[in-house]
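Per-entry structural report
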Amino acid sequence: MDFILLPIPKKIDLKTGHFALNAPVTITIPDRSLFLVAKRLQHELFVATGIEARIEIGESGTITFIPDYRLQEQAYELSIDERGVAIRFHQGEGASYGVSTLKQLLYQAGKSLPFLIIQDKPDFPRRGLMLDISRDKIPTMDTLYRLVDLMVDLKYNELQLYIEGFSFAYPSFPEVWQDQTPLLPEEILALDAYCKDRFIDLVPNQNSFGHMAPWLNRLEYRDLAVCPEGCLSPWGTWTKNTTLDPQDERSLRLVLKQYDDLLPYFSSSYFNVGLDEPIELGHGKSEAICRKKGVGRVYLEYLLKIYDEVKKRGKTMMFWGDIIIKYPELIQELPKDVIALEWGYEGTHPFEKRLFEYAKAGVPFYVCPGTSSWNSILGRTNNMRDNILNAALHGKALGARGFLLTDWGDNGHIQYLPISYPAFCFGAAVSWSVETNRAIDVNPYLNRFVFQDDASVMGQLLWDLGNTYERESVKIGNGTKLFFGFRQRLNDAKEIQNYIKGLKIEDYLNVLSFLESKLAILQTHRMRCHDAPLIEREVQNGILYVRHGAKRILYMLGYYPDEVAILDELSQDIRAIMKEHAALWIMRNRVGGLEDSLKEMRRMRDEYDALLQPLIG
């Protein structure tokens, strides 16, 4: 079959012959409940063929929706023969998935649809995206609505917006967000309704233990921190004010007040309370109790307090599993109606081993891989693919209830949204049907349906740019050496020597050459999507920023003979990149957080100028 379908369905039986769509066309639904699904099909039919179809309630039409309760809940069957088009479904969700597949056929076959039978159903009952809206970048409503539309096409059915700090306008805490641009309660209501109409569950997601720095760095909440004076983190850095003191009842009261502000605006029966990376637990105020009971026990006791409160509020609790998995003997004590979220972002993450512990204890779980976009700017494509496939294979084998693809925004959320599109597509494909999609090439779908690129270059371009990191001999987890080169202080000789160990000049010359070739390819696109000019600018600025990083590393390695010339070039580069980053930011996101995102660029600009000054007198 030559048609581009993503996800590739479970079973396709292509027949001989074609059905000609000729006006008048009638879309027939069994009752009012499917009206919005039919409206979506009506719109896509007109865009693809120019045909203005009528929608009627009845049992037969040109395109007919037929209830079939023998099918599984989310399953659908799409058949096209001489009588017309039929979409069989058990629930409205399945009917919507049938429309997503039919849409792809319409955009490629037009009015002459091939005779076929498609039988399809998902591997994972819940297939979601999680978008970080708390590390500086809070999307506009238009950006969120368009993301939901993309999710509908890709057959996702869950969306989480990660909240830490003040990215939601808590009614009880106006003083913490009044100078920022958070999501407003009425905007959550609108987004929730928009998602619900499209069979997507908008799940509230708010951290409740670690990752509390924005709150704990405020004077009025500082004494709730485990380590107000700081301690050494597991990564060897000094940290403070990120973790609530679990023994202080005021900590729980603060979290519950946040819950009571947030939860009424979500119709979902699920709630992700976070609880990951309480990195100061076991130090400071908690040192004595953790020595007595053990860190795992103290963590579990706090988790159970949160669980009781979430249950009182009528929600099923989700939580990140990175702490409890370290104490497998305690997993048995988890309530059997919580959902553990097993996350890990490297291609070799031990999903199988860790999921087995939850399965053995009878605790429901999700697999949560990542897009690999953060701490990289252009992504890490090969790692992304391996990480997502690893999660899907073992999640399916061990009975995961869901698949949640995470898109984080660490260290300024510098990467642009389109960098994550290949991961969004690949994650959608393998979470729907891992066996039929494990080797899928997502680039044709990206070109045809996302970028609408008549030159068919953008999909492969993004895929290739995401493998820029493969040109580095030294690789690290959760990011790239190139990215973390921005964070090295050029006036600290010891820091630089530690950073450049193992780095090779030829690697970064190769990166520069590679990126120049990709800039040339970018100019050949013929995108027709609504935001084509913006995507071009985003991809170009991402390339220029990584190119800047390669030059910066070459400077650290002593490659450039003329120090004045290269420092001046770096200074001019970062100014242009920073200016464009600010302009691009507000086209998809709210202005709040932009200044924080620019901090590292400003520091580098000032650093170059300070190094230049004594050289030029």
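1. Some words on the overall build of the protein
- Looking only at helices and strands, one finds 23 helices and 17 strands in the protein.
- Its C-alpha atoms give the protein a radius of gyration of 26 Å, within 12% of the compact-globule value 25 Å for 617 residues.
- Averaging the positions of the 71 positive and the 82 negative side-chain charges in the protein gives two centres separated by 2 Å.

2. Some details on the pattern of salt bridges
- Applying the stated criterion across every chain yields a total of 51 salt bridges.
- Linking R146 and D142 is a salt bridge whose minimum nitrogen-to-oxygen distance equals 3.2 Å. Residue R146 and its partner D142 are both found in helix α3 (residues 141-153); the two are separated by four residues, about one turn of the helix.
- Taking the relative accessible area as the measure of exposure, R146 reaches 40% and is therefore partly exposed.
- Where R537 meets E580, a salt bridge forms, and the shortest distance between an N and an O atom there is 2.8 Å. Of this pair, R537 sits in helix α20 (residues 532-556) while E580 sits in helix α21 (residues 563-588); the two residues are 43 residues apart in sequence, bridging distant segments of the chain.
- The exposure class assigned to R537 is partly exposed, which follows from its relative accessible area of 32%.
- Connected through shared salt-bridge partners, R487, R552, E600, R603 and E607 make up one network.

3. Considerations on helix α16 (residues 458-465)
- The buried fraction of α16 amounts to six of the eight residues, a majority that puts the element mostly inside the structure.
- Every buried residue belonging to α16 is among M458, G459, L461, L462, W463 and L465, and all of these are buried.
- Turning to α16, the residues buried within the fold contact α12 (381-398), α13 (421-432), α15 (443-450), α19 (505-522) and α20.

4. Things to note about the environment of M604
- In this fold, M604 is placed in helix α23 (residues 599-616).
- As for M604 and G549, which are separated by 55 residues in sequence, their C-alpha atoms are 11 Å apart.
- If we ignore the near neighbours within four places in the chain, the residues touching M604 are F486, Y545, R552 and I574.

5. What about the side chain of N382?
- Summarising the element assignment, N382 is placed in helix α12.
- On the basis of relative accessibility, which here comes to 18%, the residue N382 falls in the buried class.
- Ignoring sequence-local partners within four residues, the contact set of N382 consists of N467, Y469 and E470.

6. A look at the packing of aromatic side chains
- One pass over the structure, following the stated rule, counts 28 aromatic pairs.
- With a centroid separation of 6.0 Å and 20 degrees between ring planes, the pair formed by F209 and Y299 is classed as stacked. You can see F209 sitting in the loop between β10 (201-206) and α6 (213-216) and its partner Y299 sitting in helix α9 (residues 295-312), a full 90 residues away along the chain.
- Take Y299: its relative accessible area is 1%, and that puts it in the buried class.
- Between the aromatic rings of Y559 and Y560, the centroid separation amounts to 5.1 Å while the plane-to-plane angle is 75 degrees, which identifies the pairing as edge-to-face.

7. Some thoughts on the packing of α16 against α20
- Closest axis-to-axis distance for the α16/α20 pair is 12 Å, and the angle between their directions is 25 degrees. Taken as axis vectors, α16 and α20 run roughly parallel relative to one another. Between α16 and α20 lies a crossing whose hand is left-handed. In this structure, α16 contributes M458, L461, L462 and L465 to the contact, and α20 contributes I535, V539 and I543.
- Of the residues in the contact of α16 with α20, the class split is seven nonpolar, no polar and no charged.

8. A few points about the sheet that holds strand β5 (residues 76-81)
- The seven strands are arranged β1-β7-β5-β6-β4-β2-β3 in an open sheet whose pairing can be described as mixed. Each of the sheet's edge strands pairs with one partner strand only, and the pair in question is β1 (11-20) and β3 (54-57). Sheet twist, expressed as the mean angle between neighbouring strand axes with direction ignored, is 20 degrees.
- Two strands pair when backbone bridges link them, and β5 and strand β6 (residues 84-89) are joined in this way by six bridges, in the antiparallel orientation. What sits directly across from L78, in β6, is I87.

9. Observations regarding the environment of D337
- Among the secondary structure elements, D337 is positioned in the loop between α10 (328-331) and β15 (339-343).
- By relative accessible area, which is 31% here, D337 ends up partly exposed.
- Those residues in contact with D337 that lie beyond four places of it in its chain are Y307, K311, T316 and M317.
- At 2.7 Å, the side chain of D337 and the side chain of Y307 are in polar contact.

10. Quick notes on the packing of α3 against helix α5 (residues 185-196)
- Between α3 and α5, whose axes approach to 10 Å, the crossing angle comes to 15 degrees. Between α3 and α5, the angle is such that the two are roughly parallel. Along this stretch, α3 crosses α5, giving a crossing that reads as right-handed. Contacts between α3 and α5 involve M141, L144, Y145, V148 and D149 on the former and, on the latter, E187, A190, L191, Y194 and C195.
- Residue composition of the contact of α3 with α5, by class: eight nonpolar, no polar and two charged.

11. Observations regarding the pairing of strand β7 (residues 112-120)
- Here β1 runs beside β7; their pairing, made up of seven bridges, is antiparallel. Bridge pairing links H18 to P114 in β7.
- In terms of strand pairing, β5 meets β7 through five bridges, oriented antiparallel. Counterpart to E77 in the pairing with β7 is Q119.

12. Here's the deal with the state of the cysteines
- Inspection of every chain in the model, using the stated rule, returns zero disulfides.
- Among the cysteines around C227, which has no disulfide bond, C231 carries the closest sulfur, lying 3.9 Å off.
- In this structure C227 comes out as buried when scored by relative accessible area, which is 3%.
- A disulfide-free cysteine, C425 has its sulfur positioned 13 Å from the sulfur of C529, the nearest such atom.

Quick notes on the rules
Residues numbered from 1 in each chain as written. Predicted model: local features only at pLDDT ≥ 70, side-chain atom pairs only at ≥ 80, totals over all residues. Heavy atoms only, no water. Helix = DSSP H or I, 4+ residues; strand = E, 2+ residues; numbered from the N terminus. Rg over C-alpha atoms; globule rule 2.2 N^0.38 Å. Lys, Arg positive; Asp, Glu negative; His and termini not counted. Charge placed at Lys NZ, Arg CZ, Asp CG, Glu CD. Salt bridge = Lys/Arg side-chain N within 4 Å of Asp/Glu carboxyl O. Buried < 20%, exposed > 50% of the residue type's maximum accessible area, 1.4 Å probe, protein only. Contact = heavy atoms within 4.5 Å. Phe/Tyr/Trp six-rings, centres within 6.5 Å; stacked < 30°, edge-to-face > 60°. Axes fitted to C-alpha atoms, helices over the stretch in contact; angles between N-to-C directions. Parallel < 35°, antiparallel > 145°, perpendicular 65-115°, else oblique. Left-handed = near helix turned anticlockwise from the far one by under 90°. Nonpolar A, V, L, I, M, F, W, Y, C, P; charged D, E, K, R; others polar. Pairing = 2+ DSSP bridges. Polar contact = N/O pair within 3.5 Å; in protein donor to acceptor, adjacent residues only side chain to side chain. Disulfide = S-S within 2.5 Å.

Taken by themselves, the reported measurements are silent on function.
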